[in-house]
Amino acid sequence: MDPDVSLAVPAQRRELREHPAAVLCAISLGGVCGALARYGVGVLIPHEPGQWAWATWLVNLSGCLLIGVLMALIGRLWPRQQLIRPFAGVGVLGGYTTFSTATVDVVHQLNAHQPALAMLYMVTTVLGALLAVSAGFAVTTAALSRREKVAW
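Residues numbered from 1 in each chain as written. Predicted model: local features only at pLDDT ≥ 70, side-chain atom pairs only at ≥ 80, totals over all residues. Heavy atoms only, no water.

1. Here we look at the overall build of the protein chain
Per the secondary structure count, the protein chain includes six helices and zero strands. Here the analysis covers contacts within the protein chain between residues at least 6 apart in sequence; of these, 75% occur between residues at least 24 apart. Carbon and sulfur atoms form 71% of the exposed surface of the protein chain, whose accessible area is close to 9,300 Å². (Helix = DSSP H or I, 4+ residues; strand = E, 2+ residues; numbered from the N terminus. Contact = heavy atoms within 4.5 Å. Areas by Shrake-Rupley, 256 points an atom, 1.4 Å probe, with all protein chains shown as cover.)

Dropping the structure here:
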């Protein structure tokens, strides 16, 4: 079950049942793209275990920002496009973000006797992700509202 599906919306409840191959292919293709992008960031910004994992931290915060942007766009511009959310949200951004790796980074920091760094990394990852998704949604919603007012 896709956690982004609202069971209160009949069209979303039917999404996977009506087009299972298309939805699963969209998620798979998006996941490959997202994972490759995450890998690329990791190659560009390597780190030693036990140190601040900038690549993972930046991927998670930028991915959350993009999730907020995407959800606003889907809600306002593309509510009937059934494959955008599975492809871009679940696939690309689900494959791009990596909170499990962030947890492993915290364990490495603790194993390197860096408890303050581990706590700071964990707190800034979680709070930064929440702020990023909120900011992405709010800024995009505001921009779309301004666009709609100008169009009138």
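2. Some words on the UniProt feature "transmembrane region" (unreviewed entry) in the protein chain
UniProt marks residues 21-40, 52-75, 87-107 and 119-144 with the feature "transmembrane region" (unreviewed entry), using the numbering shown here. When the span residues 21-40 is considered, its composition is 100% helix and 0% strand, and the gap between its end C-alpha atoms is 28 Å. As annotated, residues 119-144 has a helix share of 100% and a strand share of 0%, and its two end C-alpha atoms lie 37 Å apart. (UniProt positions renumbered as here; feature names shortened; annotations may be inferred.)

3. Focus on the UniProt feature "binding site: Na(+)" (unreviewed entry) in the protein chain
When the UniProt feature table is mapped onto this chain, "binding site: Na(+)" (unreviewed entry) is found at Gly 94 and Thr 97. Relative to the elements of secondary structure, Gly 94 occurs in helix α4 (residues 84-96). Overall, the relative accessible area of 41% leaves Gly 94 in the partly exposed class. Beyond its immediate sequence surroundings of up to four residues, Thr 97 is in contact with Arg 38, Val 59, Asn 60, Gly 63 and Cys 64. (Buried < 20%, exposed > 50% of the residue type's maximum accessible area, 1.4 Å probe, protein only.)

4. Some words on a nonpolar patch on the surface
On the surface, Met 119, Met 122, Val 123, Val 126, Leu 127 and Leu 130 cluster together into a nonpolar patch covering about 530 Å² of accessible area. Counting through the fold element by element, Met 122 comes out in helix α6 (residues 115-151). (Patch = residues over 30% accessible without salt bridge, like charges linked within 9 Å, V, L, I, M, F, W, Y side chains within 5 Å. Salt bridge = Lys/Arg side-chain N within 4 Å of Asp/Glu carboxyl O.)

5. Considering the packing of aromatic side chains
Enumeration according to the criterion identifies four aromatic pairs in this entry. Ring centres of Trp 52 and Trp 54 lie 5.5 Å apart, and the angle between their planes is 45°; on these two criteria the pair is classed as tilted. For Trp 54, a relative accessible area of 44% puts it in the partly exposed group. Between the aromatic rings of Trp 52 and Trp 57, the centroid separation amounts to 5.9 Å while the plane-to-plane angle is 65°, which identifies the pairing as edge-to-face. Side by side, Trp 52 and Trp 57 carry an identical accessibility label, which is buried. (Phe/Tyr/Trp six-rings, centres within 6.5 Å; stacked < 30°, edge-to-face > 60°.)

6. Remarks on α4
For the α-helix, the turn length of 3.6 residues means that residues three or four positions removed from each other point alike. Between its terminal C-alpha atoms α4 stretches only 16 Å, short of the 18 Å expected from 13 residues at 1.5 Å a residue. Taken together, the buried positions of α4 are occupied by Arg 85, Pro 86, Ala 88, Gly 89, Gly 91, Leu 93, Gly 95 and Tyr 96. (Expected span 1.5 Å × (residues − 1).)

7. Some thoughts on the packing of helix α3 (residues 54-76) against α4
Between α3 and α4, the shortest axis-to-axis distance is 9 Å and the interhelical angle comes to 170°. Classified by the angle their axes make, α3 and α4 are roughly antiparallel. Facing α3, whose interface residues are Val 59, Ser 62, Gly 63, Leu 66, Ile 67, Leu 70, Met 71 and Ile 74, α4 presents Ile 84, Arg 85, Ala 88, Gly 89, Leu 93 and Tyr 96. Along the lines of polarity and charge, the residues of the contact of α3 with α4 split into 10 nonpolar, three polar and one charged. (Axes fitted to C-alpha atoms, helices over the stretch in contact; angles between N-to-C directions. Parallel < 35°, antiparallel > 145°, perpendicular 65-115°, else oblique. Nonpolar A, V, L, I, M, F, W, Y, C, P; charged D, E, K, R; others polar.)

8. Here we look at the side chain of Thr 125
Inspection of the secondary structure puts Thr 125 in helix α6. The residues touching Thr 125, leaving out its near neighbours within four places in the chain, are Trp 57, Asn 60, Leu 61, Phe 99 and Ala 102.

9. Some details on the packing of α3 against helix α5 (residues 99-111)
Packing of α3 against α5 brings their axes to within 9 Å, and their N-to-C directions diverge by 150°. Between α3 and α5 lies a crossing whose hand is left-handed. Residues Thr 56, Asn 60 and Cys 64 of α3 form the contact with α5, whose own contacting residues are Phe 99, Thr 101, Ala 102 and Asp 105. A per-class count over the contact of α3 with α5 returns three nonpolar, three polar and one charged. (Left-handed = near helix turned anticlockwise from the far one by under 90°.)

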